[in-house]
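These are the residues of each chain, in order.
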Amino acid sequence: MRIDFDIHPAAQTEFYDTIRHYAALDEQDQPLAAAFDATFNRHLSLILDNPLIYNLRRPPTRRANLTPRFDEHYIAYMVWRERVVILAIAHAKRRPYYWRNRVSEAKKLF
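Procedures and definitions
Residues numbered from 1 in each chain as written. Predicted model: local features only at pLDDT ≥ 70, side-chain atom pairs only at ≥ 80, totals over all residues. Heavy atoms only, no water. Helix = DSSP H or I, 4+ residues; strand = E, 2+ residues; numbered from the N terminus. Buried < 20%, exposed > 50% of the residue type's maximum accessible area, 1.4 Å probe, protein only. Polar contact = N/O pair within 3.5 Å; in protein donor to acceptor, adjacent residues only side chain to side chain. Contact = heavy atoms within 4.5 Å. Phe/Tyr/Trp six-rings, centres within 6.5 Å; stacked < 30°, edge-to-face > 60°. Lys NZ or Arg CZ within 6 Å of the ring centre and 35° of its normal. Salt bridge = Lys/Arg side-chain N within 4 Å of Asp/Glu carboxyl O.

Draft legend 1. Inspection of the side chain of His 8 at higher detail. Mapping His 8 onto the fold places it in the loop between β1 (5-7) and α1 (9-25). The class for His 8 is buried, based on a relative accessible area of 5%. Engagement of the side chain of His 8 in a polar contact is seen with the side chain of Glu 105, the distance being 2.7 Å. With residues up to four places along the chain from it excluded, the contact list for His 8 reads Ile 86, Leu 87, Arg 102, Glu 105, Leu 109 and Phe 110.

The following block contains the structure:
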């Protein structure tokens, strides 16, 4: 059963920043941006169909690596009040767990 989701405002900004980054790398027809968008949506669909598909990393958060082409990025999320909350669209090699304070923020927001 597919469940609903919310996205932390900072995670939404990260998503659009990443799309812009890949679009700038290849301005002619933007295949990287489109490929990132498709990869993100494929993983989001998996998460919404089965929120527990990925293991707990640091409770209550889970991590979905955006494999195979964008394996340096991941979706950090948690299940809160029977909804998926996307906490971050993060780069795996930059500032690990910088988004951890979003867990408490999300519990207040959603």
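Draft legend 2. Seen up close, the packing of aromatic side chains. Per the stated rule, a full pass over the model turns up 7 aromatic pairs. When the ring of Phe 15 is compared with that of Tyr 16, the centres are 5.4 Å apart and the planes differ by 70°; the resulting orientation is edge-to-face. Note on Phe 15: relative accessible area 11%, which makes it buried. Ring geometry for Phe 15 against Phe 40: centres 4.7 Å apart, planes inclined by 45°, an arrangement best described as tilted. Of this pair, Phe 15 sits in helix α1 while Phe 40 sits in helix α2 (residues 31-49); the two residues are 25 residues apart in sequence, bridging distant segments of the chain. Feature note: the residues Phe 15, Tyr 16, Tyr 22, Phe 36, Phe 40 and Phe 70 constitute an aromatic cluster, connected by ring pairs. Taking NZ or CZ as reference, Arg 95 lies 4.2 Å from the ring centre of Tyr 98, over its face.

Draft legend 3. Structural detail: the pattern of salt bridges. Counted by the stated rule, this structure contains 5 salt bridges. Note that Asp 6 and Arg 83 form a salt bridge whose closest N and O atoms lie 2.8 Å from each other. Here Asp 6 is found in strand β1, whereas its partner Arg 83 is found in strand β4 (residues 83-91), with 77 residues between them in sequence. Classification of Arg 83 as partly exposed rests on a relative accessible area of 27%. A salt bridge links Asp 17 to Arg 20, with the nearest nitrogen and oxygen atoms 2.4 Å apart. Remark: Arg 20 and Asp 17 occur in helix α1; sequence separation between them is 3 residues, near one turn of the helix. Among the residues examined, Asp 17 registers a relative accessible area of 37% and is labelled partly exposed. Look at the salt bridges and you will find they share partners, linking Asp 4, Asp 6 and Arg 83 into a network.

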